[in-house]
Amino acid sequence: MASHYEAPIRKPLVLGDKGYHDVSVDIARPVEGKANKQWWIVFTIALVAFLWGLGCIIYTISTGIGVWGLNRTVNWAWDITNFVWWVGIGHAGTLISAVLLLFRQKWRMAINRSAEAMTIFSVIQAGLFPIIHMGRPWLGYWVLPIPNQFGSLWVNFNSPLLWDVFAISTYLSVSLVFWWTGLLPDFAMIRDRAVKPFQKKIYSLLSFGWTGRAKDWQRFEEVSLVLAGLATPLVLSVHTIVSFDFATSVIPGWHTTIFPPYFVAGAIFSGFAMVQTLLIIMRKVCNLEAYITVQHIELMNIVIMITGSIVGCAYITELFIAWYSGVEYEQYAFLNRATGPYWWAYWSMMTCNVFSPQFMWFKKLRTSIMFSFFISIVVNIGMWFERFVIIVTSLHRDYLPSSWTMFSPTFVDIGIFIGTIGFFFVLFLLYSRTFPVIAQAEVKSILKSSGERYKKLRDAGQPLYQKPSQKSVARKETITDDVLMGEVKPTVDDKVGVSELLGSIGTFDATTETADDLKKIKGIGPEMERILNEIGIFTYAQVGRMTEKEYNLLDSITGRFPGRAQRDDWAGQARLLNNKK
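Residues numbered from 1 in each chain as written. Predicted model: local features only at pLDDT ≥ 70, side-chain atom pairs only at ≥ 80, totals over all residues. Heavy atoms only, no water.

Caption draft 1: Local environment of the overall build of the chain. On a plain count of helices and strands, the chain comes out with 25 helices and zero strands. With 581 residues in all, the chain has 51% of them scored as buried. Within the chain, counting contacts between residues at least 6 apart in sequence, those at least 24 apart form 77% of the total. Just so you have it, the chain exposes about 28100 Å², and 66% of that area is on carbon and sulfur atoms. (Helix = DSSP H or I, 4+ residues; strand = E, 2+ residues; numbered from the N terminus. Buried < 20%, exposed > 50% of the residue type's maximum accessible area, 1.4 Å probe, protein only. Contact = heavy atoms within 4.5 Å. Areas by Shrake-Rupley, 256 points an atom, 1.4 Å probe, with all protein chains shown as cover.)

Structure below.
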């Protein structure tokens, strides 16, 4: 018990009377079951947004990027703003996976898988904008340092734009391997639960032959730590290199050494806010409130508050350095941001990024689901405005007043951006229906130390393998639907439940019938066969008559592996075996 000890003052990370089997059932349910109404509503909205954006992308490529709002002065604007915003959002996945893994933070277990998926999908969105901005995306391979038909045409390795290509592609590759490695035990769990042969075959391929042996787990731990060690520097390097796109220039407002740490803090800030948005949606859509708890949301809010304060400190430092430098161009760049024609964008950025996270100092607010969801949206809006302010307000008024101009996005600019948001949510929602959104193997590893059920057992001084009883653990009695309807749920010793079950599937007559070997049915072992025989089930014919009603009765009577009989299709297997007799 000592190895699973956790201080009683710590709140449980898994709520409810959850055992290991319950974790598998709950996490596999979104993959195995049908999508609910909420999922279809969100998916439909995301799909419409994606199709709108796709139409705008096709129009842009067929017509040219002149359909955007770019001009000679502001030649980087909406598209690069979106690029930097999406790359920043992708930061939190690697941070949660790698850094929190190395620090052995248990609360990452329930959120890391979704955060890693978010990283992959957001980097995909980010990569779309430079490709579209090329004007001729089919010539995009020219940016790669490969031999070509133009002889001396070669990429400029001194350009930070090329560093972006290598940094983001490396980041995507490591994140993808990290994500997939963590999914292997989850794929194997879905494979072992699958009933349909095609589904079993697909998840067998995806799980790479995972068997759950001690050797598999040893390699899994080793590879996870190595990848975490590789990914941790990427958290710092990727957005540092993105910041070099601006910091290596001589434009006032860009040419500053604070950009690398400032961009990294802002990326973690916006990334955690997007993870918060997704988790609050997914816990409701997939009914995962027991695993993504208010404590998880509170801890995420604390990280958002801290990184928001760091970003606010960076804003103040920027203003101080501009004043202290004595360079009138630098001073004017920041004065123009706050009081110029784009003042509304600057103060929106300050309000969303600096002031709104400070509400998280109050526990009542940071533990409120709706307020947390609202703030996560506000933070991402603010971080988008930050990138817009840095890019557009620094460009629209340069050294020559005669070239000063304004930037206004066209419907195509806006449509492409909305399309990428829709594409992101389409990918994430499809992922939630095909992949487990929570790392069930990792949640099980903290179940005995951080699960509410086991904490109650430990507090009551009972062994962890014993179910909590009414005498030892005070539990509030709830009135369920079966009590209200006057229905009695049969128990193991309930003869009425056994009689009802045998009345549906038939009884066994030892004088005229011969007992079958029920162990030939997948999912029935020697112990389960003994229990079935005690109930009065001896033949394939009896098992073959079971429907959902009889499955539920059997689960109630035996109390063993609820849902196993229906999932393994005992009735179907029994009918096949009975026909072969």
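Caption draft 2: Here's a closer look at unusual backbone geometry. Of note, the phi angle at Phe208 is positive, near 55 degrees, even though the residue is not glycine. Tracing the backbone shows Phe208 in the loop between helix H7 (197–206) and helix H8 (214–247).

Caption draft 3: Main features of the pattern of salt bridges. Inspection of the entire model under this criterion finds nine salt bridges. Of the charged contacts, one joins Glu529 and Lys519 as a salt bridge, the two residues approaching to 3.1 Å between their closest N and O atoms. With Glu529 in helix H21 (residues 526–535) and Lys519 in the loop between helix H20 (495–505) and H21, this residue pair connects regions lying 10 residues apart in the sequence. When its relative accessible area of 39% is taken as the criterion, Lys519 is described as partly exposed. Arg530 is the salt-bridge partner of Glu534, the closest N and O atoms lying 2.4 Å from each other. On the criterion of helical spacing, the pair formed by Glu534 and Arg530 is a turn pair, its members being four residues apart in helix H21. Taking the relative accessible area as the measure of exposure, Glu534 reaches 60% and is therefore exposed. When salt bridges with common partners are traced through the structure, they connect Arg113, Glu116 and Asp186 into a single cluster. (Salt bridge = Lys/Arg side-chain N within 4 Å of Asp/Glu carboxyl O.)

Caption draft 4: Up close: the layout of surface pockets. Space inside the largest pocket adds up to approximately 800 Å³. Forming the walls of the largest pocket are 25 residues, and the residues nearest its centre are Pro130, Ile131, Met134, Leu161 and Val165. Mapped onto the lining of the largest pocket, the elements with two or more residues apiece are helix H3 (78–89), helix H5 (112–133) and helix H6 (160–193). The residue inventory of the lining of the largest pocket, partitioned by class, reads 17 nonpolar, six polar and two charged. (1 Å grid on protein atoms, 1.4 Å probe; cavity = no way out; pocket = protein on both sides within 12 Å on 5 of 7 lines; lining within 4 Å. Points joined across faces, edges and corners; volume = space filled by probe spheres on them. Nonpolar A, V, L, I, M, F, W, Y, C, P; charged D, E, K, R; others polar.)

Caption draft 5: A look at the packing of aromatic side chains. Inspection of the entire model under this criterion finds 52 aromatic pairs. For the pair Trp179 and Phe435, a centre-to-centre distance of 5.6 Å together with 45 degrees between the ring planes defines the contact as tilted. Of this pair, Trp179 sits in helix H6 while Phe435 sits in the loop between helix H15 (411–434) and helix H16 (440–445), placing them 256 residues apart in sequence. With respect to class, Trp179 is no different from Phe435; both count as buried. Ring centres of Trp210 and Trp217 lie 4.9 Å apart, and the angle between their planes is 90 degrees; on these two criteria the pair is classed as edge-to-face. Sitting over the ring of Phe334, Arg337 keeps its end group 4.6 Å from the ring centre. Note that Arg433 overlies the ring of Trp39, its terminal NZ or CZ placed 5.9 Å from the centroid. (Phe/Tyr/Trp six-rings, centres within 6.5 Å; stacked < 30°, edge-to-face > 60°. Lys NZ or Arg CZ within 6 Å of the ring centre and 35° of its normal.)

Caption draft 6: How the structure looks around the environment of Ala322. Its place among the elements puts Ala322 in helix H10 (residues 294–325). Here the alpha-carbon distance between Ala322 and Tyr332, two residues 10 residues apart in the chain, equals 8.7 Å.

Caption draft 7: Highlighting the side chain of Glu116. Within the secondary structure layout, Glu116 lies in helix H5. Among the residues examined, Glu116 registers a relative accessible area of 5% and is labelled buried. Setting aside residues no more than four positions away along its own chain, Glu116 makes contact with Gly93, Ser97, Phe178 and Trp179.

Caption draft 8: Here's a closer look at helix H1 (residues 20–32). A rise of 1.5 Å per residue sets the reference length of H1, with its 13 residues, at 18 Å; its end C-alpha atoms lie 18 Å apart and thus fit the reference within 8%. Turning to H1, its buried residues are Val23, Ser24, Asp26, Ile27, Ala28, Pro30 and Val31. (Expected span 1.5 Å × (residues − 1).)

Caption draft 9: Seen up close, the nonpolar core. With 128 residues, the main nonpolar core has Phe246 and Phe272 as its most contacted residues. Ranked by residues supplied to this core, first place goes to helix H9 (residues 259–285) with 15 residues. Among all residues touching Phe272, those that are not within four sequence positions of it are Ala92, Leu95, Ile96, Trp107, Met300, Val303 and Ile304. Listed in part, the 23 residues of the second largest apolar core include Val498, Met528, Leu532 and Ile535. (Core = buried A, V, L, I, M, F, W, Y, C linked by side-chain atoms within 4.5 Å.)

Caption draft 10: Geometry of the side chain of Arg283. Looking at the secondary structure, you find Arg283 in helix H9. Residue Arg283 is classed as buried on the basis of its relative accessible area of 11%. In contact with Arg283, other than residues within four places in its own chain, are Leu288, Glu289, Ile292, Thr293, Val294, Ile297 and Ile369.

Caption draft 11: Structural detail: helix H11 (residues 328–339). An ideal rise of 1.5 Å per residue puts 16 Å on 12 residues; H11 measures up with 16 Å between its terminal C-alpha atoms. Residues of H11 that are buried: Glu330, Ala333, Phe334, Asn336, Arg337 and Ala338.

Caption draft 12: Local environment of the environment of Val242. Note on placement: Val242 falls in helix H8. Taking the C-alpha atoms as reference points, Val242 and Gly88, 154 residues apart in sequence, are found 9.4 Å from one another.

Caption draft 13: Structural detail: the packing of helix H4 (residues 91–102) against H6. For the pair H4 and H6, interaxial distance at closest approach is 11 Å and the crossing angle is 55 degrees. Here H6 runs oblique to H4, going by the angle between their axes. Considering the relative orientation of H4 and H6, their crossing is left-handed. Here His91, Thr94, Ser97, Ala98 and Leu101 of H4 come into contact with H6, specifically with Tyr171, Ser175 and Phe178. In terms of residue class, the contact of H4 with H6 is built from four nonpolar, four polar and no charged. (Axes fitted to C-alpha atoms, helices over the stretch in contact; angles between N-to-C directions. Parallel < 35°, antiparallel > 145°, perpendicular 65-115°, else oblique. Left-handed = near helix turned anticlockwise from the far one by under 90°.)

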